[in-house]
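# Summary of structural features
Single-letter residue listing:
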Amino acid sequence: MNSYNYIALIPILPFAGFLLLGLFGKRLPEKISGLIGVLFIGIAAVLSLTTAYQYFITDGVINGTYPTLEPIKFTWLQFTSTLSIDMGIMLDPISVMMLVVVTFISLMVHLFSLGYMHGEKRFATYYSHLQLFTFSMLGLVLSGNLFQIYMFWELVGVSSFLLIGYYYDKPSAVAASKKAFIVTRFADLFFLIGILIMGVTADSFDFNTIITTLTSSAFQENYTATFLGFSVLTWALTLIFIGGAGKSAMFPLHIWLPDAMEGPTPVSALIHAATMVVAGVFLVARLFPVFSVTDSGALEIVAYVGIFSALFAAVIACTQTDIKRVLAYSTMSQIGYMMFALGVSDYEHGAGYTSSMFHLFTHAFFKSLLFLGAGSVIHAVHSNEMKDMGGLKKYLPITHITFLIACLAIAGIPPFAGFFSKEGILHAAYATHPAIYYVALITSGITAFYMFRLYYSIFWNKSETHLHDFHGEGPLTMKIPLLILGALSAVAGFIPFAQYISPTNTPQESHFEILFSIAPVLIGVTGIIIATIFYKTANGKAAAFAKSAGGLYRSAYHKFYIDEVYTFVTKKIIFNLIGRPAAWIDRNIVDGLMNAIGNTTITFSASMKDLQSGKVQEYALYFIAGVIGLSMLGIYLWM
Amino acid sequence: MNHITITQILFLSTALFFIGVYGLLTRRNMITMLMAIELILNSVNINFVAFNKYLYPENLDGLFFTIFIIAIAAAEAAVAIAIIINIYRNHRSIDVEDNEEMKY
């Protein structure tokens, strides 16, 4: 077996890039800082691919499984003889897969940004933040224990905050970045509590130890701790899932994701489509043996939250007019797919687990392609709104073709990537949870509909669109990532994923049934046809349909008023019932005590102040009187 | 010639001391106050000399202290008068009550 020590370089390179560009970026010309960014990520991406090749092909299966390796590991904080926080690198099939996804998408985004962000004043800052994000995300996927993952989890949140708020002179971007940070931070509170319970229960933070301890039958039989009628472990897993749901924008913690589209579009492609938002899925997958073997309660929650989010977001996506928001809701919907695929999976066969990871993989390609395509469109049109677009297919031929591929992929049309992964998910759901399967089937129809609504609205619809100050489709650096991702979205589905990734880390046969695929594909095609009728040419059919849908359309357009509910809960209930009393106590009791101490001192010193009159003779008098008094006292005592 | 007792000398120095204190507290003129301080110092000198002579005639410590005090008093007078001259230049007055802002 070969050494894996060079893997440490993969996260260190972006970190070095972050320091370099963060400290000296302002002095470097735009070309050089862009080059540094691309170069560092490029090397990291090459190393990741080498790692993947070495892990899956060269070393491959040992004793029937892919081994879980920890090439680098050292103890950071020792609490007791058994409980410690370690830092290190852990390699197993999913972390290697994530390594490739993160560095590769990050490289594409770095390349694309060269063109997209050209001429920005804070170009180097943007790149340094991208590097910081990549570093944190790599640290997250390589973490071997819960605490390390938590630290990088927060770092990812911070860099996401920085990137969403990149246009910090725009109030909406500032609000969006704060919203994203606060919502995910709120979820992370539950995550932390879950980590602590988990650490105490398993007496370790290490994933390997946790999994071995908690899935052993001895532990299962003796574990009886309950809280409010549920096993404490179920609570811990649910809390950890809440943390994951916050980052992965699952209902009802999804409200930050659409607003996060205020950031630069390549950032949305990297963070809010391909990498950070799947961190929650990754986390559940990481602890999947515990989820599935120990207690199915938490896994049911994962499944139902996932399927609800998938449907919910898909419905909203049909009504939005900002193209990035459509994509944001589509992301949420697809992550819902990944979540419920994990939720319906079991440990031994693990078809759901495998296809969830597969979907994560393919989704990373086609969704970042969609976002970068949207970036290319926005770059040309200078607007996010559908009404400003239409008929762009002759202006943006490469964007048009690649966008179409991505749309077909997400709609699940064979032979594009999304078809295979979605097929696996639906198959897994059909086997164990038929109800979820039917909802997911409908959702995939809706997905096809809204994606093609988007596609037609951008590229067809109006024929005589006239673009003023149109300056070409963008430089080569913007077209190349589109083409590469387009190619991958088309072919990534042919990877025999079950060979590499399964919950037990043993290679399994990919099973694929042609008959089963008929229904999902038909549904997808139906969605596309409806979208074609409504949106291919500018006609009133869509508007008329929206009118007849009435209330449903209106509430979906307003995102089912979730934001309003949040505003109501925070402003009216939390602020009034908790915030104000707390503020009152702070102002009157805590501050009051301090003020009382201060006021007493002030009064006392004011009364003393007159003693210092500046009359030297008065001082002398006090002094002499004091001396006489003291000597009288001394004489009296002495006598 | 009658022998002078220590009590008589102490009466003298005490009287001198309180005359000095009285002068220090009541005079407004800084020069006069300085003179009052000299009186106090001299009363202390008398005490030192008297105690040395009557209690420990074999030692000279008291005389040394007296000489120190005289020397320091001379230096102090020089400094004090320099200060007073400067105050006069600034305020056109050497009355202590005209110089209350010195407290700042």
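Residues numbered from 1 in each chain as written. Chains lettered and ligands numbered in written order. Predicted model: local features only at pLDDT ≥ 70, side-chain atom pairs only at ≥ 80, totals over all residues.

### Here's the deal with the overall build of chain B
This is how the line gets drawn: Helix numbering and strand numbering both begin at the N terminus, where a helix is a DSSP run of H or I of at least 4 residues and a strand a DSSP run of E of at least 2. The globule rule is 2.2 Å times the number of residues to the power 0.38, and the radius of gyration it is compared with is taken over C-alpha atoms. The exposure scheme places C-beta atoms from the backbone and then counts, for each residue, the other C-beta atoms within 10 Å of its own, assigning buried at 20 or more, exposed at 12 or fewer, and partly exposed in between. Throughout, a pair of residues is in contact if the C-beta atoms placed from their backbones lie within 7 Å.
A count of helical and extended segments in chain B gives three helices and zero strands. At 17 Å, chain B has a C-alpha radius of gyration far larger than the 13 Å of a compact globule built from 104 residues. Overall, chain B is about 50 × 25 × 25 Å in size when its C-alpha atoms are taken along their principal axes. Here chain B, with 104 residues, has 9% of them falling under the buried criterion. In chain B, of all internal contacts separated by at least 6 residues, the share reaching a separation of at least 24 is 47%.

### Focus on the overall build of chain A
Assigned secondary structure in chain A consists of 25 helices and four strands. Relative to its 639 residues, chain A shows a buried fraction of 51%. Across chain A, every contact between residues at least 6 apart in sequence was considered, and the portion connecting residues at least 24 apart equals 80%.

### Remarks on the confidence of the model for chain B
Our working definition: Confidence per residue, as judged by the predictor, is encoded in pLDDT with a range of 0 to 100.
Across chain B, the average pLDDT comes to 90, with 98% of residues at 70 or higher. On the interface metric, ipTM, the complex scores 0.85, and its pTM is 0.77.

### Things to note about the environment of C318 of chain A
Residue and element names in this part refer to chain A. Considering the arrangement of structural elements, one finds C318 in the loop between α14 (296-317) and α15 (323-344). Between the alpha carbons of C318 and H379 there is a distance of 23 Å; along the sequence they are 61 residues apart. Contacts of C318, omitting those with residues within four sequence positions, involve I446, F449, Y450, R453 and A556.

### Some remarks on the pairing of strand β1 (residues 69-78) of chain A
Residue and element names in this part refer to chain A. The condition is simple: Two strands form a pair only when DSSP identifies at least two bridges running between them.
Of the strand pairs in this sheet, β1 and strand β2 (residues 84-91) are connected by seven bridges, and their pairing is antiparallel. Note that in β2 the partner of F74 across the bridge is M87. Following β1, the chain reverses through five residues before pairing antiparallel with β2.

### Observations regarding the environment of L299 of chain A
All names here are of chain A. Secondary-structure assignment places L299 in helix α14. For L299, a count of 26 C-beta atoms within 10 Å puts it in the buried group. Not counting the four nearest positions on each side in its chain, L299 is found in contact with F291, S292 and G343.

### As for the packing of α15 of chain A against helix α16 (residues 351-381) of chain A
Helix-helix packing is described using two parameters, namely the angle between the two axes and the distance between the axes. Residue and element names in this part refer to chain A. As a reminder, the rule being used: Axis definition: a line fitted to C-alpha atoms, over the contacting stretch in the case of helices. Angles run 0 to 180 degrees between N-to-C directions. What sets the label is the angle itself: under 35 degrees gives roughly parallel, over 145 gives roughly antiparallel, 65 to 115 gives roughly perpendicular, and the rest give oblique. Ten residues, namely Ala, Val, Leu, Ile, Met, Phe, Trp, Tyr, Cys and Pro, are considered nonpolar, four, namely Asp, Glu, Lys and Arg, are considered charged, and the remaining ones, Gly among them, are considered polar.
Packing of α15 against α16 brings their axes to within 9 Å, and their N-to-C directions diverge by 175°. One element, α15, and the other, α16, form an angle in the roughly antiparallel class. Contacts between α15 and α16 involve I323, K324, L327, T331, Q334, Y337, M338, A341, L342 and V344 from the former and G352, Y353, S355, S356, H359, L360, H363, K367, L370, F371, A374 and V377 from the latter. Its residues assigned to classes, the contact of α15 with α16 comprises 13 nonpolar, seven polar and two charged.

### With respect to the packing of helix α25 (residues 616-638) of chain A against helix α1 (residues 6-26) of chain B
α1 of chain B packs onto α25 of chain A with a crossing angle of 145° between their chain directions and a minimal axis gap of 8 Å. Where α25 of chain A approaches α1 of chain B, its residues Q617, A620, L621 and I624 of chain A are matched on the opposing element by V21, L24 and L25 of chain B. Classifying every residue of the contact of α25 of chain A with α1 of chain B gives six nonpolar, one polar and no charged.

### Overview of the nonpolar core
Residue and element names in this part refer to chain A. Quick reminder of the rule: In this description, a nonpolar core means buried residues of the types Ala, Val, Leu, Ile, Met, Phe, Trp, Tyr and Cys, linked to one another by C-beta atoms lying within 7 Å.
Ranked by internal contacts, the top residues of the largest apolar core, which has 199 residues, are I240, V281, V284, F340 and L342. No other element matches α16, which puts 17 residues into this core. The contacts of I240, once residues within four sequence positions are left out, are F191, G194, I195, M198, L283 and L287.

### So, unusual backbone geometry
At the junction of F251 of chain A and P252 of chain A, the peptide bond is cis and its omega measures out at 0° in the coordinates. By the element assignment, P252 of chain A lies in the loop between α9 (232-247) and α10 (256-259). Unusually for a residue other than glycine, D203 of chain A sits at a positive phi of about 60°. At R92 of chain B, a position not held by glycine, the phi torsion is positive, near 60°. Taking the C-beta count within 10 Å as the criterion, R92 of chain B has 8 such neighbours and is therefore assigned exposed.

### Topic: helix α2 (residues 30-59) of chain A
In an α-helix, one turn spans 3.6 residues; hence positions three or four apart end up facing the same way. All names here are of chain A. Which entries qualify depends on this criterion: Every helix has an expected span of 1.5 Å times one less than the residues it contains. A residue's bend is given by the angle between axes fitted to the 7 residues ending at it and the 7 residues starting at it.
Taking 1.5 Å of rise per residue, the 30 residues of α2 would be expected to cover 44 Å, and the 42 Å separating its terminal C-alpha atoms lies within 8% of that figure. Taken as a whole, α2 carries its principal kink of about 25° at Y53. All of the buried residues along α2 are S33, G34, I36, G37, F40, I41, A44, A45, S48, T51 and Y55. Contacts made by the buried residues of α2 are with α1 (9-24), β2, α3 (93-116) and α4 (123-142). Looking at the residues trailing α2, positive phi occurs at G60, about 60°.

### Regarding helix α2 (residues 30-55) of chain B
Residue and element names in this part refer to chain B. Compared with the 38 Å implied by 1.5 Å per residue over 26 residues, the 37 Å span of α2 between its first and last C-alpha is a close match. Considered for burial, the residues of α2 that qualify are M30, M33, A36, L41, S43, N45 and N47. On the buried face of α2, the contacting elements are α1 and α3 (61-91).

### Observations concerning the environment of I67 of chain B
All names here are of chain B. One can find I67 in helix α3. With 13 C-beta atoms counted inside 10 Å, the residue I67 sits in the partly exposed group. Residues I67 and F48, spaced 19 residues apart in sequence, show a C-alpha to C-alpha distance of 10 Å.

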